[in-house]
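These are the residues of each chain, in order.
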Amino acid sequence: MPIEASAISSGSGLVVRPVKQKRKAHSLGIGRANSSEHERTALQRDLLEGQESRLPPAIRQALQESFSQIEKEFEALYLENVELRKDIDTLNERLVSEGHVPEGLDLNKGAKPKSGHATSQLSQKLKTTYKASTSKIVSSFKATTTRAVCQLVRQYLGHRDGIWDVATTRVVPVILGTASADHTAMLWSIETGKCVLKYLGHSGSVNSIKFHPTDQLCLTASGDHSAHVWRYVVQLPLSQSSVDSNVGAVHARVSDSSASGLLRAEPSGEDEVDASDKDEGEPLTEPDGANDAVTVRTPLATLKGHQGVIIAADWLVGGKQLVTASWDRTANVYDAETSELLHPLTGHDQELTHCCAHPAQRLVVTASRDTTFRLWDFRDPTIHSVNVFQGHTDTVTSAVFASSENVVSGSDDRTVKVWDLKNMRSPIATIRTDSAVNRICVSPTHKIIALPHDNRHVRLFDLSGVRLARLPRSNRQGHRRMVCSTVWSEENGACNLFTCGFDRQALERVVAAPECSSLVLMAELHFKRPSTLHTVIVERSCDLLNYGYMYCKWWKSGHFSECSCSCGSRRMLT
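Residues numbered from 1 in each chain as written. Predicted model: local features only at pLDDT ≥ 70, side-chain atom pairs only at ≥ 80, totals over all residues. Heavy atoms only, no water.

The chain has the name WD repeat-containing protein 37 in an unreviewed UniProt entry, where Eptatretus burgeri is given as its organism.

Encoded structure:
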């Protein structure tokens, strides 16, 4: 290979050097933090230059010019960076001389700023400390709203797989029913906790169970694409005296334990971790009584109108008709006596997850994975209207009636919303939680919402969105797995809450609901005319502590006449 030479004048004459060595000795003018790395890069470049290139000369020349331009740009940026650092050091020295210590400056090492890693550690430490302190403050505020008192009464063990749904009879004697993934439904005595009847008619998972409002009939929905209506006959030796003594004993236990502070629900702080989580996998013991129960295998009626899994079913008011919800995106209304399909309900875009019938009116709500739930109105025999409620961002897992004018919906988006049937545009209250919500239930008398969660929690809220309690979730007093469903039972005078989960057990708790405290509040109320100011005595109930929810009625003349609380109590004012 020919060697190009360049003449350089010196004291001894001309010196001939290869151009290759000149490029190697040429300095880029950029201070390098790691000289060995750049020397290795320069060596690789020289080796590449020494090899024959297969690129066309024009392309190679263009590449060399581009890289040369990039090198000049980096050199200019580096020089500008060096000048800026000098200015920063000068300013820091001036601030120190004037008595000001700039942030990140170590006085022990002169005017050299601390490393970015140390500053990041300090910032993270401050954030952690601030978050911990504020979490304690927020938890202390949340604990003040825990006013419901609960006590674990009994465990119901006997299923061999997870329990999807739980229900209670609406007539005395009160019986508990459970629907399980082990293809069975069981009826339990709430006095003894023993299984008294087992239904074995389904060939798939039993997803839902509901009792007839007046008769000894049970409705179950299954994954075998069918819903069954079957009769149960259970004789329980209950007397009025035993019921009264039972109720009195329960209330005595609740009041005594409430006074001693033993039965109050766990604090509402969300940052605590249960110490019993370590033995979460302990197997449940199954009593022998479940195997001795009466078995029923043949249903009175079999409803086969769906092409997919039937996920839920319920009785319409009066018990003469029933509704089923399926994964085939439809709901069906049947005649309970003839099993005739009366009304197919279509319109949902995805699988249905729940259905519920109004206890006093011919209204039905269906929930779906399409993030909506629909209200179907059958009060007018000639016109069947439907209203769509939109407000959730994920699957609506359940929707239930809270009163004649309210519907409560729960969703996988970790929210529960309270809706007014007369205003479908937006909810009147929104409850935000930290876990997906499953099949909820509302207490008919006390209007308390029980929320079962995927994270084993069960929380109690009122219709205003104020949390009343969080039930314990330790292995001794709570569920070990996801809580699937809840149901209230208030027929015996006590407010009993039943929950079931995928840990193959159902739990019964007695809940002392917050009663009206008969507090008297001196309130200054401004009338429609701002210049008029009146002081009245308002008798408030539980909502006085729930951020002041108070509803006032006005006469046409503009005078204040009545104050009512959302719990139903009223006080006439003069």
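Structure's up, so let's keep going.
> Teacher, can you tell me more about the pairing of strand β22 (residues 406-411) here?
For a regular strand, the rule is simple: side chains alternate between the two faces of the sheet. Most of β22 is tucked away, with six of its six residues classed as buried. The alternating pattern of β22 places N406, V408 and G410 on one face and V407, S409 and S411 on the opposite face, and all of these are buried. Following strand β21 (residues 396-401), the chain reverses through four residues before pairing antiparallel with β22. Bridge count for β22 against strand β23 (residues 415-420) is five bridges, and the pairing is antiparallel. Its bridge partner lying in β23, G410 is registered against V416. Hairpin remark: β22 followed by β23, antiparallel, with three residues in the connecting loop; positive phi at R414, about 70 degrees. (Buried < 20%, exposed > 50% of the residue type's maximum accessible area, 1.4 Å probe, protein only. Helix = DSSP H or I, 4+ residues; strand = E, 2+ residues; numbered from the N terminus. Pairing = 2+ DSSP bridges.)

> Looking at this structure, how should I read the UniProt feature "repeat: WD" (unreviewed entry) in the chain?
Per the UniProt annotation, the sites labelled "repeat: WD" (unreviewed entry) are residues 156-198, 199-230, 303-344, 345-386 and 389-429. Here residues 199-230 runs as 0% helix and 53% strand, with 9 Å between its end C-alpha atoms. (UniProt positions renumbered as here; feature names shortened; annotations may be inferred.)

> Sorry, what's going on with the sheet that holds strand β20 (residues 385-390) here?
Two strands in a sheet stick together by hydrogen bonds in their backbones, pointing the same way (parallel) or opposite ways (antiparallel). Sheet architecture is open: four strands sit in the order β17-β18-β19-β20, paired in antiparallel fashion. Looking at which strands have only one partner, the edges of the open sheet turn out to be β17 (352-357) and β20. Pairs of neighbouring strands in the sheet enclose a mean axial angle of 20 degrees, with direction left out of account. Judged from the five bridges that link them, β17 and strand β18 (residues 363-368) form a sheet pairing that is antiparallel. Bridge assignment links H354 to a residue of β18, and that residue is A367. (Axes fitted to C-alpha atoms, helices over the stretch in contact; angles between N-to-C directions.)

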